[in-house]
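Coordinate inspection notes
Spelled out from the first residue to the last, the chains are:
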Amino acid sequence: MQPRIRRWMIALLLPLWLLACGKNPEEKAAEIGKEVDLALGSQRWEQAEKKAQEVLAIAKISDATRDQARLKLEQAKSEQQAKQHYQRFVGAAGTDHDTAMAAYRDMAQGSYYRALAKSEHDRILPSYIEDHLEKATSATFNGRCADAKQQLQLVLDVDPQNAKVVELSKKPCTKKAD
């Protein structure tokens, strides 16, 4: 075969060969999706977010693949936020139960960090409840009805079936004259 014809055939067939050997969009998305899963599994949220965005940037992927990438992107972003709440929780758990409980409440239900914080949350919960029940009792006794109601609500937010709250809310609270 003459060199000129050979070059012409290579120039004509090379793009077709590269196209045939290239990965289709779904295969490429699946490959990157595995990287997203590995990053999520090892708590590398920023990397998972970046890789999920790469999947979303691929043209011509199925709606199901796109939806999965969106879910993983949302999970990575949610975990990044939960990490910040967890750090606030850990910093406050020993000294400021109100801040710790608020930080715990701000973590998403299925979050890795919420599960990590659960045992410490369960440890401080009784003292948090007792503290707010004492404040509610004092406020009721001193006629600060709005304060009493607010303190009782804080307990109900973490323990909706608390019997002491029900009992205390039955006691009359009348504002005292100054």
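Each remark here, short or long, concerns the structure printed above.
The sections below set out a description of the structure shown in this document. Treat the numbers as computed from the prediction; the structure is a model and nothing was measured. (Residues numbered from 1 in each chain as written. Predicted model: local features only at pLDDT ≥ 70, side-chain atom pairs only at ≥ 80, totals over all residues. Heavy atoms only, no water.)

1. A look at the overall build of the protein
Secondary structure summary: the protein contains eight helices and zero strands in total. When its helices and strands are written in sequence order, the protein yields α-α-α-α-α-α-α-α. Residue burial in the protein is summarised as follows: out of 178 residues, 30% are buried. Put simply, of all contacts in the protein between residues at least 6 apart along the chain, 55% involve residues at least 24 apart. (Helix = DSSP H or I, 4+ residues; strand = E, 2+ residues; numbered from the N terminus. Buried < 20%, exposed > 50% of the residue type's maximum accessible area, 1.4 Å probe, protein only. Contact = heavy atoms within 4.5 Å.)

2. A few points about helix H4 (residues 63-92)
Its 30 residues place the ends of H4 43 Å apart at the C-alpha level, agreeing with the 44 Å of an ideal helix rising 1.5 Å per residue. Packing partners of the buried residues in H4 comprise helix H2 (25-41), helix H3 (45-57), helix H5 (97-106) and helix H6 (112-141). (Expected span 1.5 Å × (residues − 1).)

3. Thoughts on the packing of aromatic side chains
Within this structure, the stated rule accounts for five aromatic pairs. Relative to Tyr 112, the ring of Trp 45 lies with its centre 6.2 Å away and its plane at 55°, an arrangement referred to as tilted. Pair noted here: Trp 45 is in helix H3 and Tyr 112 is in helix H6, with a separation of 67 residues, a long-range link. Here Tyr 86 and Tyr 113 contribute two aromatic rings whose centre-to-centre distance is 5.5 Å and whose plane-to-plane angle is 40°, an arrangement assigned as tilted. Remark: Tyr 113 occurs in helix H6 and Tyr 86 occurs in helix H4; sequence separation between them is 27 residues. (Phe/Tyr/Trp six-rings, centres within 6.5 Å; stacked < 30°, edge-to-face > 60°.)

4. Some words on the packing of H3 against H4
In the contact formed by H3 and H4, the axes pass within 8 Å of each other and the chain directions differ by 155°. The pairing of H3 with H4 is recorded here as roughly antiparallel in orientation. The two elements H3 and H4 cross, and the hand of that crossing is left-handed. Together, Trp 45, Glu 46, Ala 48, Glu 49, Ala 52, Gln 53, Val 55 and Leu 56 of H3 and Thr 65, Arg 66, Ala 69, Arg 70, Lys 72, Leu 73, Ala 76, Lys 77, Glu 79, Gln 80 and Lys 83 of H4 make up the contact between the two elements. Class assignment for the residues of the contact of H3 with H4 results in eight nonpolar, three polar and eight charged. (Axes fitted to C-alpha atoms, helices over the stretch in contact; angles between N-to-C directions. Parallel < 35°, antiparallel > 145°, perpendicular 65-115°, else oblique. Left-handed = near helix turned anticlockwise from the far one by under 90°. Nonpolar A, V, L, I, M, F, W, Y, C, P; charged D, E, K, R; others polar.)

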